[in-house]
Amino acid sequence: MDAASRFARYLTLNRLKMTRSRRAILEEVLAVEGHFTADDLRAHFRSRGRLVAPATLYRTLNRLVEAGLVHRLPMARGQARYEPIFGRHHHDHMVCLVCGKIFEFESREIERIQESVCRRKKFTLLEHTHQLRGHCENCSRNGNTPAAGQAPR
Ligand SMILES: [Zn+2]
Ligand SMILES: [Zn+2]
Ligand SMILES: [Zn+2]
């Protein structure tokens, strides 16, 4: 099933229609490389002369997350980041609490352990979010991080 039919099925299940703006947002989001904020997406639409109401944009992004097409990365500071996951290679994230940089990583071992934990609980795993929060190499080196063991503000 392609992304558009998956989204259409999700909308039908939720008694919603595939409107022109929903379709436009889906298409733009699927074309993005990397992580973006809702404001980035709005700016992108604006630069192409398309006006999308902020409320529509936020709601549609949430729908895309619920439909399993987009992943939402909550940030300790600032706006959440989004990224398309449909048809993309799976990876997890490390987020620096100081500079906000996002690092992607993959660990076959962590994936395998998650799957076996679910199997033991007879839990059917559909997707997961694995986010590690801390200080990147650069921020640790520059000493502008709270002392280890101290909760980040
Ligand atoms: Zn993972
Ligand atoms: Zn950093
Ligand atoms: Zn990512």
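Here, the structure is the one placed above.
The rules behind these values
- Every chain's residues receive numbers from 1 upward, in the order its sequence appears when written.
- To label them, take the chains in the order written and letter them from A, then take the ligands in the order written and number them from 1.
- In keeping with the predicted nature of the model, local features appear solely for residues at pLDDT of at least 70, side-chain atom pairs appear and are counted solely at 80 or more, and the whole-chain, interface and lining totals rest on all residues.
- Remark: hydrogens and water are excluded; side-chain values derive from all non-hydrogen atoms of the structure.
- Shown as donors are all N, O and S atoms within 2.8 Å of a metal ion, widened to 3.2 Å for Na, K and Ca; because water is not in the atom set, sites may appear incomplete.
- Every geometry call rests on angle ranges, with four donors termed tetrahedral when all angles are between 85 and 135 degrees, four termed square planar and six termed octahedral when opposite donors are over 155 degrees apart and all others are between 65 and 115, and everything else termed irregular.
- Only protein chains enter the accessibility calculation, which uses a 1.4 Å probe; a residue whose area is less than 20% of its type maximum is buried, one above 50% is exposed, and one in between is partly exposed.
- The distinction between a cavity and a pocket rests on a 1 Å grid over the protein atoms alone: a 1.4 Å probe fits inside a cavity but cannot get out, while a pocket stays open yet meets protein on both sides within 12 Å along at least five of seven lines, and a residue with an atom within 4 Å of a point counts as lining.
- Grid points are joined across faces, edges and corners, and a volume is the space filled by probe spheres set on the points.
- Counting from the N terminus, the helices are DSSP H or I runs at least four residues long and the strands are E runs at least two residues long.
- Each helix should span, by expectation, one fewer than its residue count multiplied by 1.5 Å.
- Taking the helix axis as origin, the arc is that swept by the directions to the C-beta atoms.
- Only heavy atoms enter the contact rule, under which two residues are in contact if any of them lie within 4.5 Å.

Looking at the coordination of the zinc ion (ligand 1)
In ideal tetrahedral geometry, four donors around a metal make angles of 109.5 degrees, whereas ideal octahedral geometry with six donors gives angles of 90 or 180 degrees. Coordination of the zinc ion (ligand 1) by the protein is provided by H90 (NE2), D92 (OD), E111 (OE) and H128 (NE2), with metal-donor distances spanning 1.9 to 2.1 Å. Taken together, the 4 donor atoms coordinating the zinc ion (ligand 1) span angles of 93 to 128° at the metal, a pattern that classifies the geometry as tetrahedral. Look at where the donors of the zinc ion (ligand 1) fall in the sequence and you get H-x1-D-x18-E-x16-H. According to the relative accessible area criterion, D92 is buried, its value standing at 3%.

Side note on the layout of surface pockets
Taken as a whole, the largest pocket encloses approximately 450 Å³ of empty space. Lining of the largest pocket is provided by 21 residues; of these, G68, I85, H90, L126 and E127 occupy positions nearest its centre. Where the lining of the largest pocket is concerned, the elements lending two or more residues are α4 (54-66) and β3 (92-96).

Focus on α4
Along its 13 residues, α4 runs 18 Å from first to last C-alpha, staying within 8% of the 18 Å computed at 1.5 Å per residue. Taken as a whole, α4 has its buried residues at L57, T60, L61 and L64. Here the buried residues of α4 occupy an arc of 105° about the axis, which is enough to place them on one side. For α4, the exposed residues set more than 90 degrees away from the buried face come down to R59 and E66. Its buried side turned inward, α4 meets α1 (3-13), α2 (20-31), α3 (38-47), β1 (70-73) and β2 (81-84). One or two residues past the end of α4 sits G68, with phi positive at roughly 80°.

What to know about unusual backbone geometry
A positive phi angle, close to 55°, is found at R15, a residue other than glycine. On the secondary structure map, R15 appears in the loop between α1 and α2. A relative accessible area of 78% means that R15 is categorised as exposed. In the Ramachandran plot, K122 falls in the positive-phi region, its phi being about 55° despite a non-glycine side chain. Within the fold, K122 resides in the loop between α5 (108-120) and β5 (131-134).

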